[in-house]
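# Coordinates in review
Read off the chains here:
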Amino acid sequence: MQRILAPSMLSADFGHLERDTRMIDESEAQWVHIDVMDGVFVPNISFGFPVMKPIRRATGKTLDVHLMIVEPEKYVTRFVEAGADWVTFHVEATRDPRGCINLIRRAGAKAGVSIKPATPPEAIAGLLPQLDLVLVMSVEPGFGGQSFMPHSLEKIARLRSMIDGAGLATLIEVDGGISAANAAEVYAAGADALVAGSAVFGAADPKAEIRRILQSR
């Protein structure tokens with residue numbers, strides 16, 4: 001199974017976003033993760049469209065955009081236009097997930113759905129054939145630096161079984177409390193891609209930490 005790592009710009013130095021984005025661009029990480037928060041769906045506010053553009057200019061790697069916002073269907077097309085390659089929204093944040101998926105696809109990006117810790121994988125079973133990615137939150141969305149919730153491993157394994165059993169190519173991404181200390185077991189549970197923020201940007205050598213996460217055993 002492939003191993004993808006997406007360092008989260010939420011943990012970068014906001015005063016040096018271009019520098020930190022270029023660090024990821026020069027590292028072994030394949031994706032750049034961008035968390036968009038609106039202060040409504042989650043109790044925090046982060047990036048908007050103006051910040052997306054300089055990040056896009058600073059890297060040729062995949063921009064993996066995670067929308068933690070209400071009514072994502074109003075904005076998904078604009079995020080694709082701003083440079084997103086993958087756009088993931090929360091199934092809990094919209095009344096029309098299928099319509100939102102279609103909007104992302106029509107705009108030219110890959111479509112993902114995220115589920116909060118309390119949402120079971122079965123809640124999105126009917127959407128899986130339409131999805132390129134499912135993002136499992138292993139912490140409550142809204143803040144960086146939280147500890148990984150161990151029960152997420154069983155949830156990831158159930159989702160892996162659902163995807164494989166249906167013969168789908170949908171990727172599983174996991175976000176929250178990821179580090180070199182637990183990356184191996186999260187990949188082993190069935191994850192394809194991991195999001196790491198504090199572990200990468202809080203390390204003395206972020207590029208070396210990225211390598212440790214990807215090569216963890």
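Structural notes, computed from the coordinates. Keep in mind the model is a prediction, meaning the values are calculated, not measured. (Residues numbered from 1 in each chain as written. Predicted model: local features only at pLDDT ≥ 70, side-chain atom pairs only at ≥ 80, totals over all residues. Heavy atoms only, no water.)

Next up on the list: the environment of Ile34. With respect to the helices and strands, the residue Ile34 is situated in strand β2 (residues 31-37). Exposure remark for Ile34: the relative accessible area of 1% places this residue in the buried category. Contact partners of Ile34, with chain neighbours within four places excluded, come to Met9, Phe47, Met52, Ile55, Leu63, Asp64, Val65 and His66. (Helix = DSSP H or I, 4+ residues; strand = E, 2+ residues; numbered from the N terminus. Buried < 20%, exposed > 50% of the residue type's maximum accessible area, 1.4 Å probe, protein only. Contact = heavy atoms within 4.5 Å.)

Among the nonpolar cores identified, the biggest contains 58 residues, and Met9, Ile34, Val174 and Leu194 are the most heavily contacted of them. In terms of residues, this core owes the most to one element, helix α6 (residues 183-189), which gives 4 residues. Core analysis: the next-biggest nonpolar cluster, separate from the first, contains 11 residues, Trp31, Leu135, Leu171 and Val195 among them. (Core = buried A, V, L, I, M, F, W, Y, C linked by side-chain atoms within 4.5 Å.)

Every buried residue of helix α8 (residues 206-214) is listed here: Pro206, Ala208, Glu209, Ile210, Ile213 and Leu214. Lining the buried residues of α8 we find β1 (4-7), α1 (17-26), α6, β8 (193-196) and α7 (198-201).

Another aspect to go through is the side chain of Thr94. Along the chain, the position of Thr94 falls in the loop between β4 (86-90) and α4 (97-107). Within the structure, Thr94 has its side chain in polar contact with the side chain of Glu73 (distance 2.8 Å). Only 3.0 Å separates the side chain of Thr94 from the backbone nitrogen of Asp96, close enough to count as a polar contact. Look past the residues within four positions of Thr94 in its chain and what remains in contact with it is Pro72, Glu73 and Phe89. (Polar contact = N/O pair within 3.5 Å; in protein donor to acceptor, adjacent residues only side chain to side chain.)

From the geometry alone we can't say anything about function, so treat these as descriptive.
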